[in-house]
Amino acid sequence: MAEHPARLTVLAGPTADGKGTVSADLRVRYPEVWLSVSATTRSPRPGEVDGVHYHFLSPQRFEQMVANGEFLEHAVVHGRNSYGTPSRPVQEKLAAGQPALLEIDLQGARQVRETMPEARFVFLAPPSWEELLRRLVGRGTEDAEERERRLTSARVELAAAAEFDHTIVNDDVHRATDELVALMGCERSQPLTR
Ligand code: 5GP
């Protein structure tokens, strides 16, 4: 039996708030914390590995999974690509008494709140709007049109912090990850490196 009741934690927040960086940090420093691998119809970025960072699916395969009811939640993010959390691995983790973590967008978090209100909802906030802008523009992986789309989403999403159980300010990635792990009840986990 797990010492802490297994609970789902949902980490969400505006685009470019650093969710991806926190996930990456978590994978390296807390490999024992189970993070759901989402499905997406977007193409892999350099360095992204199928099955590790995402399950990269064709739109047809994604739609098939939707039709089969295989997603815990799914959404079109930034008006472009589809993203979804495959249900089964999450249910299996929780059934095995182990905590599970989702890193998803706000629409997805709202869906999970409908179906699993007992989950813990954590909002990852950027340190400031200026920093968020800097990250959006600085990342350089999206074209101007895509950046504008993401900015519009971010404005709306920032206002959603009040819907969440906790807010973590992503002023320092290690600190933010440590706070998340502590919230998940894995506080006795020690980071591998700092
Ligand atoms: P990116 O394409 O930069 O990896 O992610 C874009 C956005 O999609 C991020 O805000 C991320 O949180 C969100 N996202 C990633 N996986 C999922 C998912 O399974 N479901 C939902 N709803 N959003 C996701």
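Read on for an overview of the structure. (Residues numbered from 1 in each chain as written. Predicted model: local features only at pLDDT ≥ 70, side-chain atom pairs only at ≥ 80, totals over all residues. Heavy atoms only, no water.)

### Looking at the site of the ligand
The cut-off we apply is this: Definition of nearness: a residue and a molecule or strand are near each other if at least one heavy atom of the residue lies within 4 Å of the molecule or strand. Pairs of N or O atoms are called polar contacts if they sit within 3.5 Å, as long as, within protein, a hydrogen donor faces a hydrogen acceptor (for residues adjacent in sequence, only side-chain-to-side-chain pairs). Using the Shrake-Rupley algorithm and a 1.4 Å probe, accessible areas are obtained, with residue cover drawn only from the displayed protein chains. Labels follow the DSSP assignment, with helices taken as runs of H or I lasting at least four residues and strands as runs of E lasting at least two, numbered in each case from the N terminus.
Neighbouring the ligand are 16 residues, the closest being Ser38, Arg42, Tyr54, Tyr83 and Glu103. Between an oxygen atom of the ligand and a side-chain N or O atom of Tyr54, the distance comes to 2.5 Å. A distance of 3.2 Å separates an oxygen atom of the ligand from a polar atom in the backbone of Gly84. Across the complex, the protein chains shield 93% of the 520 Å² of accessible surface that the ligand would expose by itself. Contributions of two or more residues to the shell around the ligand are made by strand E5 (71-77) and strand E6 (81-86).

### Things to note about the pairing of E5
Applicable threshold: The cut-offs for exposure are 20% and 50% of the maximum accessible area for each residue type, with area from a 1.4 Å probe on protein chains only; residues under the lower value are buried, those over the upper are exposed, and the others partly exposed. DSSP calls a pair of strands paired once it identifies at least 2 bridges connecting them.
Of all seven residues making up E5, five are buried, and the element is well covered by its neighbours. Relative to E6, E5 is paired through six bridges, and the arrangement is antiparallel. Bridge pairing in E6 links Val76 to Ser82. Here E5 folds back onto E6 in antiparallel fashion, the turn holding three residues, of which His78 has a positive phi close to 60°.

### A short note on the sheet that holds strand E8 (residues 120-125)
Taken together, five strands build an open sheet; the order of strands is E2-E7-E1-E8-E9 and the sheet is parallel. Across the chains shown, the open sheet's two edge strands, defined by having one partner strand only, are strand E2 (34-35) and strand E9 (166-169).

### Quick look at the pattern of salt bridges
As a working rule, side chains carrying opposite charge can pair if their charged atoms are close by. Put simply, the rule is: Take a side-chain nitrogen of Lys or Arg and a carboxyl oxygen of Asp or Glu: if they are within 4 Å of each other, that pair is a salt bridge.
Applying the stated criterion to the full structure yields 11 salt bridges. With a shortest N-O distance of 3.3 Å, Arg80 and Glu146 are connected by a salt bridge. Highlighted residues: Arg80 in the loop between E5 and E6 and Glu146 in helix H6 (residues 144-158), separated in sequence by 66 residues. The class for Arg80 is partly exposed, based on a relative accessible area of 42%. Of the residues examined, Glu146 reaches a relative accessible area of 5% and is grouped as buried.

### Let's talk about the nonpolar core
Just so we agree on the cut-off: Side-chain atoms within 4.5 Å are what join buried Ala, Val, Leu, Ile, Met, Phe, Trp, Tyr and Cys residues into a set we call a nonpolar core. Residue contacts are counted whenever heavy atoms from the two residues lie within 4.5 Å of one another.
One finds Leu8, Val10, Leu102, Val112 and Phe164 to be the most contacted residues of the largest nonpolar core, which totals 19 residues. At the level of elements, strand E1 (8-12), helix H3 (87-95), strand E7 (100-103), helix H4 (106-115) and E8 are the ones that each hand at least two residues to this core. Contact partners of Val112, with chain neighbours within four places excluded, come to Leu8, Val10, Glu73, Leu102, Ile104, Pro117 and Phe121.

### A short note on the sheet that holds E5
For the record, the criterion: Convention adopted: a line fitted to C-alpha atoms gives each axis, helices being fitted over their contacting stretch, and angles between N-to-C directions are expressed from 0 to 180 degrees.
Reading across the sheet, the four strands line up as E4-E3-E6-E5 and stay open at both edges, with mixed pairing between neighbours. Each having just a single partner strand, strand E4 (55-56) and E5 make up the two edges of the open sheet. Packed on one face of the sheet, helix H2 (residues 59-67) meets strand E3 (39-40), E5 and E6 and runs near 135° to E5. The sheet contacts of H3 involve E5 and E6, and relative to E6 the element is tilted by about 30°.

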